[in-house]
Amino acid sequence: MPQNGEINRKFGIYKTVCCGAEIVINLGATFPDCPNHRKLSTIWKYLVDEKIPAAASLKSQPEPTPDPAIEVHVENRRLFNLAVGRLVLERWEQKHLRGCNVCQGVLNVLVRQTIAIPTKKPPRPFDAA
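Before going further, it helps to examine the packing of helix 3 (residues 91-99) against helix 4 (residues 101-112). Relative orientation of the contacting elements helix 3 and helix 4 amounts to 95°, with a least axis distance of 6 Å. As far as their axial angle goes, helix 4 and helix 3 are roughly perpendicular. Facing His96, Leu97, Arg98 and Gly99 of helix 3, the residues of helix 4 in contact are Asn101, Cys103, Gln104 and Leu107. Across the contact of helix 3 with helix 4, the residue classes tally to three nonpolar, four polar and one charged.

Right, here's the structure in full:
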């Protein structure tokens, strides 16, 4: 099982052994420290594999035709924007999400993440006179 600081060799969802924190991590990315136990050795357990289609293929084909050889999922960025309330999925994505355990799992991880979204503009420093 991979540890923090190691390079990921398999895209998917991983969970810490220490406290169960979950992440989606890309192939070639470095495994981070556990968000709840920073600066300690973290072991990441592999949970879910996912295939992501290219963005261009989704835009050119609004409703994908079923092909058992190719599994099409909702893009992670679209699931993220759905999780933070910035997006309503297209009809085919909604239908897919209802029946896809992989996309439901990714959305569940994203919904449970703490995401800081600024609500006000930061205060401006006063000009010296």
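The next thing to look at is helix 3. Within the sequence span of helix 3, burial applies to Trp92, Glu93, His96 and Leu97. For helix 3, the angular spread of buried residues about the axis comes to 130°, placing them on one side. Exposed residues lying more than 90 degrees from the buried face of helix 3 are Arg91, Lys95, Arg98 and Gly99.

Next up on the list: the environment of Cys19. Position of Cys19 relative to the elements: it lies in the loop between strand 1 (12-16) and strand 2 (22-25). Once the C-alpha coordinates of Cys19 and His37 are considered, the two residues, 18 residues apart in sequence, prove to be 8.7 Å apart.

What follows deals with the layout of surface pockets. Here the second largest pocket defines a volume of roughly 250 Å³. If you trace the second largest pocket, you find twelve residues lining it, with Ala21, Glu22, Ile23, Pro35 and Gln113 closest to the centre. Partitioning the lining of the second largest pocket into residue classes produces six nonpolar, three polar and three charged.

Scanning all chains against the criterion turns up two salt bridges. In this structure, Arg77 engages Glu75 in a salt bridge whose closest nitrogen and oxygen atoms are separated by 2.8 Å. Taking the relative accessible area as the measure of exposure, Arg77 reaches 42% and is therefore partly exposed. Across the pair Arg78 and Glu93 runs a salt bridge whose closest N-O atoms are separated by 2.5 Å. Taken together, the positions of Arg78 in helix 2 (residues 76-83) and Glu93 in helix 3 put the pair 15 residues apart, joining distant regions of the chain.

Once that is clear, we can look at the nonpolar core. Counting twelve residues, the largest nonpolar core is built from Ile13, Val74, Leu79, Leu89, Leu97, Cys100, Val102, Cys103, Val106, Leu107, Val109 and Leu110. Here this core takes six residues from helix 4, the largest share from any one element. In terms of nonpolar packing, the next biggest core, distinct from the first, is built from five residues, Tyr14, Ile23, Phe31 and Trp44 among them.

Both strand 1 and strand 2 contribute to a ladder of four bridges, which runs antiparallel. Bridged to Ile13 within strand 2 is Val24. Hairpin connection, strand 1 to strand 2: the antiparallel pair is bridged by five residues, and Gly20 has positive phi, about 85°.

Reading the values: rules and limits
- Residues numbered from 1 in each chain as written.
- Predicted model: local features only at pLDDT ≥ 70, side-chain atom pairs only at ≥ 80, totals over all residues.
- Heavy atoms only, no water.
- Axes fitted to C-alpha atoms, helices over the stretch in contact; angles between N-to-C directions.
- Helix = DSSP H or I, 4+ residues; strand = E, 2+ residues; numbered from the N terminus.
- Parallel < 35°, antiparallel > 145°, perpendicular 65-115°, else oblique.
- Contact = heavy atoms within 4.5 Å.
- Nonpolar A, V, L, I, M, F, W, Y, C, P; charged D, E, K, R; others polar.
- Buried < 20%, exposed > 50% of the residue type's maximum accessible area, 1.4 Å probe, protein only.
- Arc of directions from axis to C-beta.
- 1 Å grid on protein atoms, 1.4 Å probe; cavity = no way out; pocket = protein on both sides within 12 Å on 5 of 7 lines; lining within 4 Å.
- Points joined across faces, edges and corners; volume = space filled by probe spheres on them.
- Salt bridge = Lys/Arg side-chain N within 4 Å of Asp/Glu carboxyl O.
- Core = buried A, V, L, I, M, F, W, Y, C linked by side-chain atoms within 4.5 Å.
- Pairing = 2+ DSSP bridges.

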